[in-house]
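# Fold and geometry: a report
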Amino acid sequence: MAHVNRKQYMVIFLVLFVLTILELAVVKMPAIGRTPMFIALIALAVSKAAFVGLYYMHLKHETRILKLTIAIPLCTPAVYALILIAEAAWRRLS
Amino acid sequence: MSEHAAAAHAHPDFVTPADWPEDPQYGKATLGKLGMWIFLLSDALSFAGLLLAYGILRGGSTHWHNPGEPELGIPFTAGLTFLLICSSVTMVLGYAAAVENKRKQATLFLGLTALGGVLFLCGQAHEYHGLSQEGLHFGASAYASTFYVITSFHGFHVFTGVTYLTIITIATALGKFDNGNYNRIEVAGLFWHFVDLIWILVFTFVYLVPTQK
């Protein structure tokens, strides 16, 4: 059965809109430190991407093995990013 | 494999997603859908390579902007982000209409999705023009080069998506995807949502992460 839920599509649209506004609010926030801001921005971006993937690309309705087929390879660049960017920053600071 | 399943795999285009044989691991996901997901994974890793290069260059640099280089315009690009989100909504609404066998409505929404992509490209051209006049030139700094490479690679995807959606829209209008034969619309939708998804990440990493003061 195809998954069509117009109401849910519109709710997700609203969520994406609100999260985008939140991103702009985080950037404009004067007192926030660089690291908390960075973490907040990444959390917002990853949740937006997850909403698009799960609901608009219907991943939520796929089988567990298909979800894992897609999710596991996408984790590898995140690991690389963490290690390599930290290393580059460490070189700069040391 | 049953006779029905064998026939389905021999002629995937003539089997509607509802009639697609159930696979123990991948359920009712059609071959076209699995193929698109595999392509999108490889494409995601291409973007990951570019974003990693950007992150490493930026994380390792003591100053990111050369003197005289402009900041990126966040409010304008936030508008472009919103535009892509809107085009993702019209895409799912077009898909929903196709599933419900409403050809005219599906054509309308798919056309609007392609239009959203065209407007995005116009916005990007406007942005590039403005930035180059303000002194952001490809090759002048890591900041300028990574910006142009990453956003134009994404822009190329938008262009591809617009072309793809135009073909799909015409085929929809001609009735190729009537009566439950909406698989190719869903597969095109996967590509389009992926372009939106990548932009969400590009917008965050390239535009929103503030410059070290």
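Residues numbered from 1 in each chain as written. Chains lettered and ligands numbered in written order. Predicted model: local features only at pLDDT ≥ 70, side-chain atom pairs only at ≥ 80, totals over all residues.

## Observations concerning the overall build of chain A
Stated formally: Only DSSP runs of H or I reaching four residues or more are called helices, and only runs of E reaching two or more are called strands; each is numbered from the N terminus. The reference for a compact globule is 2.2 Å times residues^0.38; the radius of gyration itself is calculated from the C-alpha atoms. Here the C-beta atoms are placed from the backbone, and a residue counts as buried if at least 20 other C-beta atoms lie within 10 Å of its own, exposed if 12 or fewer do, and partly exposed otherwise.
A tally of regular secondary structure across chain A gives three helices and zero strands. The globule rule puts the C-alpha radius of gyration for 94 residues at 12 Å, and the 17 Å found for chain A is more than 25% above it. Projecting the C-alpha coordinates of chain A onto the three principal axes gives extents of approximately 60 × 35 × 10 Å. Looking at chain A as a whole, 16% of its 94 residues qualify as buried.

## Digging into the overall build of chain B
To be explicit about the condition: The contact criterion used is a C-beta to C-beta distance within 7 Å, with each C-beta placed from the backbone.
Helices and strands together make up the secondary structure of chain B, namely six helices and zero strands. The order of helices and strands in chain B, counted from the N terminus, is α-α-α-α-α-α. Per-residue burial for chain B yields a buried fraction of 38% across its 213 residues. The long-range fraction of contacts in chain B, counting pairs at least 24 apart against all pairs at least 6 apart in sequence, stands at 77%.

## What about the confidence of the model for chain A?
Applicable threshold: A residue's pLDDT is simply how confident the predictor is in it, with values from 0 to 100.
With 98% of its residues at a pLDDT of 70 or more, chain A has an overall mean of 92. Within chain A, the element-level pLDDT minimum falls on helix α3 (residues 64-93) of chain A, averaging 92, and the maximum on helix α1 (residues 6-28) of chain A, averaging 95.

## Notes on the interface of chain A and chain B
As a reminder, the rule being used: Any residue outside Ala, Val, Leu, Ile, Met, Phe, Trp, Tyr, Cys, Pro, Asp, Glu, Lys and Arg is labelled polar, Gly included; the first ten of those are nonpolar and the last four are charged.
Each side of the interface is counted separately: chain A has 37 residues, and chain B has 38 residues. When residues of the side of chain A that touches chain B are traced back to their parent elements, those giving at least two are α1, α2 (34-56) and α3 of chain A. Per element, the largest residue contribution to the side of chain A that touches chain B is 14 residues, and it comes from α3(A). Its residues placed into classes, the side of chain A that touches chain B shows 28 nonpolar, three polar and six charged.

## Side note on the environment of Phe159(B)
By the element assignment, Phe159(B) lies in helix α5 (residues 142-173). Measuring from C-alpha to C-alpha, the distance between Phe159(B) and Ala114(B) comes to 9.4 Å, with 45 residues separating the pair along the chain.

## Topic: the packing of helix α3 (residues 74-99) of chain B against helix α6 (residues 183-208) of chain B
Residue and element names in this part refer to chain B. The test is simple: Axis lines are fitted to C-alpha atoms, over the contacting stretch for helices. Their N-to-C directions set the angle, which ranges from 0 to 180 degrees. Angles below 35 degrees are treated as roughly parallel, those above 145 as roughly antiparallel, those between 65 and 115 as roughly perpendicular, and all remaining angles as oblique. Less than a right angle of anticlockwise turn of the near helix away from the far helix marks a crossing as left-handed, whereas a clockwise turn marks it as right-handed.
Across the interface, α3 lies against α6 with an axial gap of 10 Å and an inter-helix angle of 165 degrees. Between α3 and α6, the crossing angle belongs to the class labelled roughly antiparallel. In the crossing of α3 with α6, the sense of the turn from one axis to the other is left-handed. For the pair α3 and α6, the contacting residues are Ile74, Thr77, Thr81, Leu84, Ile85, Ser88, Met91, Val92, Gly94, Tyr95 and Ala98 in the first and Ile185, Glu186, Gly189, Trp192, His193, Asp196, Trp199, Phe203, Tyr207 and Leu208 in the second.

## Details of the confidence of the model for chain B
Across chain B, the average pLDDT comes to 92, with 92% of residues at or above 70. As scored by the predictor, the complex reaches a pTM of 0.92 and an ipTM of 0.93.

## Some points on the nonpolar core
Here is the rule: Throughout this description, the term nonpolar core refers to a group of buried Ala, Val, Leu, Ile, Met, Phe, Trp, Tyr and Cys residues whose C-beta atoms join them within 7 Å.
If you look at the biggest cluster of nonpolar residues, it comprises 60 residues, and the most contacted ones within it are Tyr95(B), Ala98(B) and Leu190(B). Counting residues per element, the ones that place at least two in this core are α1 and α2 of chain A together with α2 (31-59), α3, α4 (103-133), α5 and α6 of chain B. Top contributing element to this core by residue count: α6(B), with 17 residues.

## Things to note about the packing of α5(B) against α6(B)
All names here are of chain B. One can describe the packing of α5 onto α6 by two numbers: an axis separation of 10 Å at closest approach and a directional angle of 160 degrees. In terms of orientation, α5 and α6 fall into the roughly antiparallel class. Handedness of the crossing formed by α5 with α6: left-handed. Together, Phe147, Ile150, Thr151, His154, His157, Val158, Gly161, Tyr164, Leu165, Ile168 and Thr172 of α5 and Arg184, Ile185, Ala188, Phe191, Trp192, Val195, Ile198, Trp199, Val202 and Val206 of α6 make up the contact between the two elements.

## What to know about α2(A)
The following threshold applies: The span you would expect from a helix comes to 1.5 Å times its residue count less one.
For α2(A), spanning 23 residues, the distance from its first C-alpha to its last is 32 Å, which sits close to the expected 33 Å at 1.5 Å a residue. Within α2(A), the full set of buried residues consists of Leu41(A), Ala45(A), Lys48(A), Phe51(A), Val52(A), Gly53(A), Tyr55(A) and Tyr56(A). Next to the buried residues of α2(A) lie α1 of chain A together with α3 and α6 of chain B. Just beyond α2(A), the residue with positive phi is His58(A), at close to 60 degrees.

## Focus: the environment of Phe177(B)
All names here are of chain B. Here Phe177 shows up in the loop between α5 and α6. With 24 C-beta atoms packed within 10 Å, Phe177 lands in the buried category. Sequence separation between Phe177 and Asn101 is 76 residues; the distance between their C-alpha atoms is 8.4 Å.

## Regarding the environment of Phe17(A)
All names here are of chain A. As for its position among the elements, Phe17 is in helix α1. Looking at Phe17, the number of C-beta atoms within 10 Å reads 15, which means it is partly exposed. Once the C-alpha coordinates of Phe17 and Lys48 are considered, the two residues, 31 residues apart in sequence, prove to be 9.4 Å apart.

## A look at α3(B)
Compared with an ideal rise of 1.5 Å per residue, which puts 26 residues at 38 Å, α3(B) spans 37 Å between its outermost C-alpha atoms and is within 8% of the ideal. Remark: Asn101(B) follows α3(B) within two positions and exhibits a positive phi of approximately 60 degrees.

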